[in-house]
Amino acid sequence: MGTYVVTGSASGMGRQAAEKLRAAGHTVIGIDIRDADVMADLSTHIGRRAAAQATLDACGGILDGAVLAAGLGPIPGRQRLIAQVNYFGVVDVLTVLRPALARAVNAKVVVIASNSTTTTPLVPRRAIRALLAGDVDKALGAVRIFGSRSAPMIYAASKIALSRWVRRHAVTGEWAGAGIRLNAIAPGAIMTPLLAEQLANPAEAKAIKAFPVPVGGYGDAGQLADWMVFMLSDAADFLCGSMIFVDGGSDAYFRAESWPAAVPVWGLPRYLVKFLSNMRSRSSPGAT
Ligand code: NAD
């Protein structure tokens, strides 16, 4: 049996994931701003450091896996919190926990992204770049022109930046090379308190209900947690830097033709540089 950390363990998908892991006999360290083993505010640097340190103390420096589920929805007026919790609340915590994950055998990490990453139009690239560079103020500045739509914009930007961070890091020596499998899951609208809060607002409810979901209805938090538990299992040993969409078909609906995409002409230089540098490192003495 393993030791896992779950952020956002007090509610919704994080809570379901923690309950399923515990039911399977694992030890779970739950982190949340309320009702958790480790109570910490992941919107602040101090809170994130304290949460990560408390996790390291509780797991004895060896962690078999992590589910990063703490987050906020695109509620207007919470733009700064959305950026802080959804992006930095994941990245900063994982960065501190990485050595403990590397000490385990075949550790797995599941980050909760969102299908808003590929279904929200016009998300400013500047906001995504700013988050990846660690600059919340610049990211918020980049979405301000959207006025009342700036909450969904910073929400999508936070999840795109998070997904890029996952994909960039998953394949590196520090993660894949250290035996850690880092992947993301991208849910669509899942019935949790977060979605219920959005549905309570008539304008948001109208937009959510009008959004195309080919299979219809909303996703079930328990089913999403089943996916997460699967992504933490040995079956996911060969899963690395992937983003699994569990969204009733919305991503496929919008992107059936544009994804998968062949490498375009302007992408060739980057592709070749990566390909050749990989060949060189494999043929150098001592490389495996
Ligand atoms: P939820 O509101 O049920 O659970 C989120 C948890 O995060 C709560 O327990 C909350 O207390 C915790 N949290 C919020 N701010 C925090 C902070 N500052 N510090 C520590 N903990 C904090 O929501 P959910 O729907 O289960 O969402 C889980 C994740 O899934 C979130 O990242 C959300 O963005 C993402 N997501 C949700 C949906 C959906 O439709 N429900 C869709 C796509 C992505």
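Just so you know, these numbers come straight off a predicted model, no measurement behind them.

Conventions used here
Residues numbered from 1 in each chain as written. Predicted model: local features only at pLDDT ≥ 70, side-chain atom pairs only at ≥ 80, totals over all residues. Heavy atoms only, no water. Helix = DSSP H or I, 4+ residues; strand = E, 2+ residues; numbered from the N terminus. Rg over C-alpha atoms; globule rule 2.2 N^0.38 Å. Contact = heavy atoms within 4.5 Å. Areas by Shrake-Rupley, 256 points an atom, 1.4 Å probe, with all protein chains shown as cover. Lys, Arg positive; Asp, Glu negative; His and termini not counted. Charge placed at Lys NZ, Arg CZ, Asp CG, Glu CD. Patch = residues over 30% accessible without salt bridge, like charges linked within 9 Å, V, L, I, M, F, W, Y side chains within 5 Å. Salt bridge = Lys/Arg side-chain N within 4 Å of Asp/Glu carboxyl O. Buried < 20%, exposed > 50% of the residue type's maximum accessible area, 1.4 Å probe, protein only. Phe/Tyr/Trp six-rings, centres within 6.5 Å; stacked < 30°, edge-to-face > 60°. Near = heavy atom within 4 Å. Polar contact = N/O pair within 3.5 Å; in protein donor to acceptor, adjacent residues only side chain to side chain. Pairing = 2+ DSSP bridges. Axes fitted to C-alpha atoms, helices over the stretch in contact; angles between N-to-C directions.

Engineer: Can you walk me through the overall build of the protein chain in this structure?
Structural biologist: A count of helices and strands for the protein chain gives 12 helices and 9 strands. The globule rule puts the C-alpha radius of gyration for 288 residues at 19 Å, and the 19 Å found for the protein chain is close to it. Oriented by its inertia axes, the alpha-carbon framework of the protein chain measures out at about 60 × 50 × 40 Å. Considering only residue pairs separated by 6 or more positions, the protein chain has 74% of its internal contacts joining residues 24 or more positions apart. Counting only carbon and sulfur atoms, one obtains 57% of the accessible surface of the protein chain, whose full area is about 14,400 Å². Treating the 29 positive side-chain charges of the protein chain as one cloud and the 20 negative ones as another, the clouds have centres 10 Å apart.

Engineer: Looking at this structure, I do not really get a nonpolar patch on the surface. What am I missing?
Structural biologist: Taken together, the side chains of Val-263, Leu-268, Tyr-271, Leu-272, Phe-275, Leu-276 and Met-279 define a hydrophobic patch exposed on the protein surface, amounting to about 650 Å² of accessible area. Since its relative accessible area comes to 41%, Leu-276 is described here as partly exposed.

Engineer: Before we go on, may I ask you to explain the packing of aromatic side chains in this structure?
Structural biologist: Two aromatic rings, taken as a pair, are described by how far apart their centres are and by the angle between their planes. Counting across every chain of the model gives 5 aromatic pairs. Each ring, one from Tyr-87 and one from Phe-88, has its centre 4.8 Å from the other, and the planes form 90°; the classification is edge-to-face. By relative accessible area, which is 2% here, Tyr-87 ends up buried. On the basis of relative accessibility, which here comes to 8%, the residue Phe-88 falls in the buried class. For the ring pair Tyr-271 and Phe-275, a centre distance of 6.1 Å and an interplane angle of 10° mean the geometry is stacked. Pair noted here: Tyr-271 and Phe-275 are both in helix α12 (residues 268-283), with a separation of 4 residues, about one helical turn. Members of the aromatic cluster, joined through ring pairs, are Phe-211, Tyr-253 and Phe-254.

Engineer: What exactly am I supposed to notice about the site of the ligand here?
Structural biologist: Not every one of the 29 residues close to the ligand is listed here, only the nearest: Ser-11, Met-13, Asp-32, Ile-190 and Thr-192. One nitrogen or oxygen atom from the side chain of Ser-11 is found 2.6 Å from an oxygen atom belonging to the ligand. The separation between an oxygen atom of the ligand and a polar main-chain atom of Gly-188 is 3.4 Å. Look at the ligand: alone it shows 830 Å² of surface, and the protein chains cover 92% of it. Elements with a minimum of two residues in the shell around the ligand: α1 (12-23), α7 (150-170) and α8 (193-199).

Engineer: Help me understand a positive patch on the surface in this model?
Structural biologist: A surface patch of positive charge is lined by Arg-125, Arg-126, Arg-129, Lys-138, Arg-164, Arg-168, Arg-270 and Lys-274. If you list the elements that add at least two residues to the positive patch, you get α5 (125-132), α7 and α12. Of the residues forming the positive patch, the biggest block, 3 residues, is contributed by α5. Within the secondary structure layout, Arg-129 lies in helix α5.

Engineer: What should I look at first to understand the sheet that holds strand β5 (residues 108-112) in this one?
Structural biologist: Picture the strands of a sheet paired through backbone hydrogen bonds; they go either parallel or antiparallel. What the 7 strands build is an open sheet, ordered β3-β2-β1-β4-β5-β6-β9; its pairing is parallel. Strands at the two margins of the open sheet, each flanked by one partner only, are β3 (38-39) and β9 (243-246). Strand direction decides the pairing type here: strand β2 (residues 27-32) and β3, joined by 2 bridges, are parallel. The partner of Ile-31 across the bridge, within β3, is Val-38. Against the sheet, helix α3 (residues 79-103) engages β1 (3-7), β4 (65-68), β5 and β6 (181-187), with an angle of about 175° to β4. Together, β4, β5, β6 and β9 form the strand contacts of helix α10 (residues 221-231), whose direction differs from that of β6 by roughly 165°.

Engineer: How do you make sense of the side chain of Asp-251 when you look at a structure like this?
Structural biologist: With respect to the helices and strands, the residue Asp-251 is situated in helix α11 (residues 250-255). A polar contact of 2.6 Å, which involves the side chain of Asp-251, links it to the side chain of Thr-118. At 2.7 Å, the side chain of Asp-251 and the side chain of Arg-255 are in polar contact. Excluding anything up to four places from it in sequence, Asp-251 contacts Thr-118, Thr-119 and Phe-245.

Engineer: So what exactly am I meant to see when it comes to the pattern of salt bridges here?
Structural biologist: Any two side chains of opposite charge can pair, on the condition that their charged atoms come close. Inspection of every chain in the model, using the stated rule, returns 9 salt bridges. Across the salt bridge formed by Asp-226 and Lys-20, the nearest N and O atoms sit 3.0 Å from each other. One end of the pair, Asp-226, is in helix α10; the other, Lys-20, is in helix α1, and 206 residues separate them in sequence. Among the residues examined, Asp-226 registers a relative accessible area of 41% and is labelled partly exposed. We classify Lys-20 as partly exposed; its relative accessible area is 27%. In this structure, the salt-bridge partner of Asp-92 is Arg-48, at a minimum N-O distance of 3.0 Å. With Asp-92 in helix α3 and Arg-48 in helix α2 (residues 45-59), this residue pair connects regions lying 44 residues apart in the sequence. Given the relative accessible area of 8%, Arg-48 is considered buried.

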